[in-house]
Each structure stands twice: as structure tokens, then as C-alpha cells.
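Survey of secondary and tertiary structure
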Amino acid sequence: MEKIAIMGLGRLGICLALNIERIGYSVLGFDISEDRVSLINQKKLQSTEPLVEEFLLSATNFLATSNIKEVLTSSAEIIFIVVPTPSLPDNSFNHDAIDRIIKELAAYGKQPSTKHVVINSTVMPGYCDSVKNTLGELNYTITYNPEFIAQGSIIKDQQFPDQVLIGETNPDTGNKIEAVYKKLCKNNPRYCRMSLVSAEITKLATNCFLTTKIAFANAVGDIATKVNAEPDKILNAIGSDSRIGEKYFKYGFGYGGPCFPRDNKAFTHFANNINYQMHLSHSTDVANMQHADFIEDVWKDKNSIGAPIIFDSVTYKKGTDILEESQQLKLALSLARQGYKIVIKESKMVISQLEKLYPNMFIYEINE
Ligand SMILES: NC(=O)c1ccc[n+]([C@@H]2O[C@H](COP(=O)([O-])OP(=O)(O)OC[C@H]3O[C@@H](n4cnc5c(N)ncnc54)[C@H](O)[C@@H]3O)[C@@H](O)[C@H]2O)c1
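Residues numbered from 1 in each chain as written. Predicted model: local features only at pLDDT ≥ 70, side-chain atom pairs only at ≥ 80, totals over all residues.

Some thoughts on the overall build of the protein
Each helix and strand counted, the protein has 14 helices and eleven strands in total. For the protein, the C-alpha radius of gyration of 22 Å lies close to 21 Å, the compact-globule estimate for 368 residues. Within the protein, buried positions represent 37% of all 368 residues. A separation threshold of at least 6 residues defines the contact pool for the protein, and within that pool the share at least 24 residues apart is 70%. (Helix = DSSP H or I, 4+ residues; strand = E, 2+ residues; numbered from the N terminus. Rg over C-alpha atoms; globule rule 2.2 N^0.38 Å. Buried ≥ 20, exposed ≤ 12 C-beta atoms within 10 Å, placed from the backbone. Contact = placed C-beta atoms within 7 Å.)

With respect to the site of the ligand
As a structural note, the neighbourhood of the ligand is formed by 26 residues, with Gly8, Gly10, Leu12, Ser121 and Thr122 the closest of them. Of the residues belonging to the shell around the ligand, the class tally is twelve nonpolar, nine polar and five charged. (Near = placed C-beta within 6 Å. Nonpolar A, V, L, I, M, F, W, Y, C, P; charged D, E, K, R; others polar.)

Structural notes on the pairing of strand 5 (residues 115–119)
Side chains on a regular strand alternate between the two faces of the sheet. Summarising burial for strand 5: four of the five residues are buried, a large majority. Where strand 4 (residues 78–81) and strand 5 come together, four bridges link them in parallel fashion. Of the residues in strand 5, the one forming a bridge with Ile81 is Ile119. On the question of chirality, the crossover connecting strand 4 to the parallel strand 5 by way of helix 5 (residues 96–107) is right-handed. With five bridges connecting them, strand 5 and strand 6 (residues 140–144) associate as parallel partners. Directly across from Val118, in strand 6, lies its bridge partner Thr143. (Pairing = 2+ DSSP bridges. Right-handed = clockwise from strand over helix to strand, strands pointing away.)

Details of helix 5
The end-to-end C-alpha distance of helix 5, which contains twelve residues, comes to 16 Å, matching closely the 16 Å that a straight helix rising 1.5 Å per residue would cover. Every buried residue of helix 5 is accounted for by Ile98, Ile101 and Leu105. One side of helix 5 holds all its buried residues, which, seen down the axis, span an arc of 65°. Exposed residues pointing more than 90 degrees away from the buried face of helix 5 are listed as Asp96, Lys103 and Ala107. Packing partners of the buried residues in helix 5 comprise strand 1 (3–7), helix 4 (68–72), strand 4, strand 5, helix 6 (127–135) and strand 6. (Expected span 1.5 Å × (residues − 1). Arc of directions from axis to C-beta.)

Notes on the environment of Val286
You can see Val286 is positioned in helix 12 (residues 279–302). Since 10 C-beta atoms lie within 10 Å of it, Val286 is described here as exposed. Sequence separation of Val286 and Ser195 is 91 residues, and the distance between their C-alpha atoms is 32 Å.

Quick look at the nonpolar core
Ala5, Ile6, Met7, Ile79, Phe80, Ile81 and Ile119 are the most contacted members of the largest nonpolar core, which totals 60 residues. The element that contributes the greatest number of residues to this core is helix 1 (residues 11–22), accounting for seven residues. Residues from two domains meet in this core; each of domain 1 (3–194) and domain 2 (204–366) gives at least three. With residues near it in sequence (within four places) discarded, Ile79 still touches Ala5, Met7, Val71, Lys115, His116, Val117 and Val118. Listed in part, the 14 residues of the second largest apolar core include Ile295, Ile322, Ile342 and Val350. (Core = buried A, V, L, I, M, F, W, Y, C linked by C-beta atoms within 7 Å. Domains from an automatic or database assignment.)

Structural notes on the domain arrangement of the protein
Along its sequence, the protein is organised into domain 1 (3–194) and domain 2 (204–366). The centre of domain 1, based on its C-alpha atoms, is set 30 Å off from the matching centre of domain 2. Counting residues at the interface gives twelve residues for domain 1 and 15 residues for domain 2. Partitioned by chemical class, the residues of the side of domain 1 that touches domain 2 number four nonpolar, seven polar and one charged.

Observations concerning unusual backbone geometry
Look at Asn139: it is not a glycine, yet its phi comes out positive at around 70°. Structurally, Asn139 is set in the loop between helix 6 and strand 6. Exposure remark for Asn139: the 13 C-beta atoms within 10 Å place this residue in the partly exposed category. Look at Asn360: it is not a glycine, yet its phi comes out positive at around 60°. Along the polypeptide, Asn360 turns up in the loop between helix 14 (348–357) and strand 11 (363–366).

A closer look at the pairing of strand 10 (residues 341–346)
Because side chains alternate across strand 10, one face comprises the buried residues Ile342, Ile344 and Glu346, and the other comprises Lys341, Val343 and Lys345, none of which is buried. Note that strand 9 (residues 308–312) and strand 10 share five bridges and pair parallel. When the sheet's bridge partners are listed, Phe311 is paired in strand 10 with Ile344. Note that the unit made of strand 9, helix 13 (residues 327–337) and strand 10 has a crossover that is right-handed. Here four bridges tie strand 10 to strand 11, and the two strands are oriented parallel to one another. Among the inter-strand pairings, Glu346 is bridged to a residue of strand 11, identified as Ile366. Of the crossover connections in this fold, the one passing from strand 10 over helix 14 to the parallel strand 11 is right-handed.

Notes on the sheet that holds strand 9
Sheet strands pair via backbone hydrogen bonds, and the direction of the pair is either parallel or antiparallel. Read from one edge to the other, the open sheet built from three strands follows the order 9-10-11, with strand pairing classed as parallel. Each edge of the sheet is formed by a strand with only one pairing partner; in this case those strands are strand 9 and strand 11. Mean inter-strand twist for the sheet, computed between neighbouring axes without regard to direction, equals 25°. Packed onto the sheet, helix 13 meets strand 9 and strand 10 and runs at close to 150° relative to strand 10. (Axes fitted to C-alpha atoms, helices over the stretch in contact; angles between N-to-C directions.)

Okay, here's the thing in C-alpha cells:
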């Protein structure tokens, strides 16, 4: 049975590992968190992502380790890297976690047979070429293969993607990675194959387009609200135009979460770095904040201090446990700090995070 290694078993990596195991590969997962590795091997990992716990329980060819040597000495020809690339203060990404893995691979020396490193983490354009320079001479190929998934449906989104993006340095390697996805995908996605840097730009530009679409919809909604028109009906009508489409085109909270805001900002940063002023992505960011202020004024007009204001979830997306860049949480916090009585309905997992982060700030109702 062919072995595939997955380095980084976080939100995205664990889903990829489980999906790949189910299509007939033996999967060796590596993560620096010994606790996570142990929970995975004991099949006790808890996740809010649908199907993760179920797939883990039924997996028979998935082993996790926190010892990188086990990956280096394994027969795995394909090595996916799915480790964090947090944003830096200048809005570019910190590639240290990938760099550490590349250093280990390089230190292990030239491979007797070709191995394929596939970077899934979100990186800045140009980064994969630098990895190619380090590992290329050691008989490794480099592929960039970011995923377009939404939190709360990662496993399904990996099985039914619209497109599979493969940044490659040679067609043979691209074919190998495409073959894995041909087994994994239960639909018939478009395989978009291109150079490494083109794929890196595609990943950021896609999220930049989506944030712009969301920000536009919210701006139209705000304008409609100001004159007592009908935001939902207006956006529904505009979205019916097949050139526009109704996905990500509803009136609601601004975009947030672990991907959209940072990818949009990173795209602006990248453009600036090459002396191109990307007005669009910058304005999208400004519009998202403007909308947050607008919504706050609307909520303040509708509510009075003393009467409870109920939030039916404060995560950036209902059903997840992610508070990062949540516009809902920002609003709840701002109102609470101004003296409004905020009642939050959330899962136990989210409430315990909130209690630690903001003691005595909110009233809670458990919402399972
Ligand atoms: N989660 C998503 O929806 C999503 C979507 C698109 C892209 N991405 C990108 O995928 C990457 C991973 O995201 P995530 O959400 O899975 O992150 P995460 O924080 O949930 O998980 C990362 C995992 O990597 C492990 N790790 C950290 N450093 C490591 C190292 N040096 N070696 C091995 N393991 C290490 C951590 O212990 C953790 O388990 C990021 O670049 C992110 O931007 C994530």
C-alpha cells in the first residue's frame, strides 16, 4: 500500500489525512504536538469539524507521530506540509514552521529516489521557489497545492472542490498529485495547473475576490438600510445574475475567521512589495471595518442599555468554535464595554474559551 506523509495535523491537516486514508493510502501523520498525536492514535481527538471523529474511528491505516525521523525514514514518496503560517505585523506570513521541516529534510541529505514535497499551507508568493532552491538538489520536487475549503465543511469540501490548484515545477510531479486528487474527489473538479508563483497568487487573489464580494454586498445592504429599502431583496436580485452569483452575497456580518482577513491583507502587502498599489484589496479591508461600525450603530439604535441583547453565536461562522477575527464577537464586546447587557448562546466549547478570554463580560446560554 502506498504511503503518504502529512506534516501538521491541525484543522486542515487532520481532514486531509483522513480523506487520503479513506481512498486507500497508508497515512503517516506528523505533528509537533505530542498531545494531539496521542489523542489521534487513541482515536479520542475531538473536533467540531463534521466527520472528523467518525473517520478517525474507522481509520485503519493512519498512524501519527511526533518524531520527524519516522517520516524521514519512511517509504512515503509524497509529503504534504500543512503547518501554520501565522500573519506577521506587516501582514505577510511567517513561514518558520515550514522552514523548520524543510531544514530537517535537507539535513537528512540527498534522497536515493525522488520525493515530492507538497505545500498546502498558505504562503506568500515566491516562497515555494525558495524551497525549491533548498530541496531541489536533494532529489525533492516542490508542489504548491492550497485548499479552498470552509470551516465547518472541510472534509466535504476536500471531496467536492470546484477546482484543484496545483503549482508545479514539472508535469510529471503535477500528474502524481493530480492522481491523488482524482481518487479523493467525488466530483469532477477543474484541475488548474500552473507555476508555483502563479498558484501562490491564485490562492490569495481568490480569497481577495471573495472578501471584496462580501464587502460589496454589505455596503449595498448598508445603503439600503439607511433609506429603509430592502437589503435582502436587492442582493437576492443582484445575485440572480449568473455573472455575479448568490454565494457570499448576503447581507450580514462582515467577513472574519482565520483565512479571509489575513489573505486579503497579505495580497495587498505582496502587491505593495512589488510596487503595485492594490487599491481594491485595501479598500475591501476598509469597507469591512466601515460595515462593522455601521452595524454597531444599527444595533445601538434598536436596543437600550439594560435590556438584554441576544447573540445567537459569536464565532465568525456559526457551528464552528473559531473566534478569530469574528465580527460578531467584536460587536458583542464593544456593546458590552458600553454597558449593554449581552447574552451569548453558544456551545460549551466556545463558552469556556470566552470565559477565559473575557471573564464576567457576558451572560451565557448553552446552545448545543
Ligand atoms: N483551516 C483552514 O480552513 C485553512 C484553509 C485554507 C488554508 N489553511 C492554511 O493551512 C495551514 C494550516 O492551517 P490549520 O488551520 O490546519 O492550522 P492549525 O493551527 O489548526 O494546525 C496546525 C498544526 O500544525 C502543527 N504544527 C505546528 N508547527 C509544526 C511543525 N513545525 N511541524 C509539524 N507540525 C507542526 C500544530 O501542532 C497544529 O496541530 C495554514 O497555513 C493555513 O493558513 C487553513
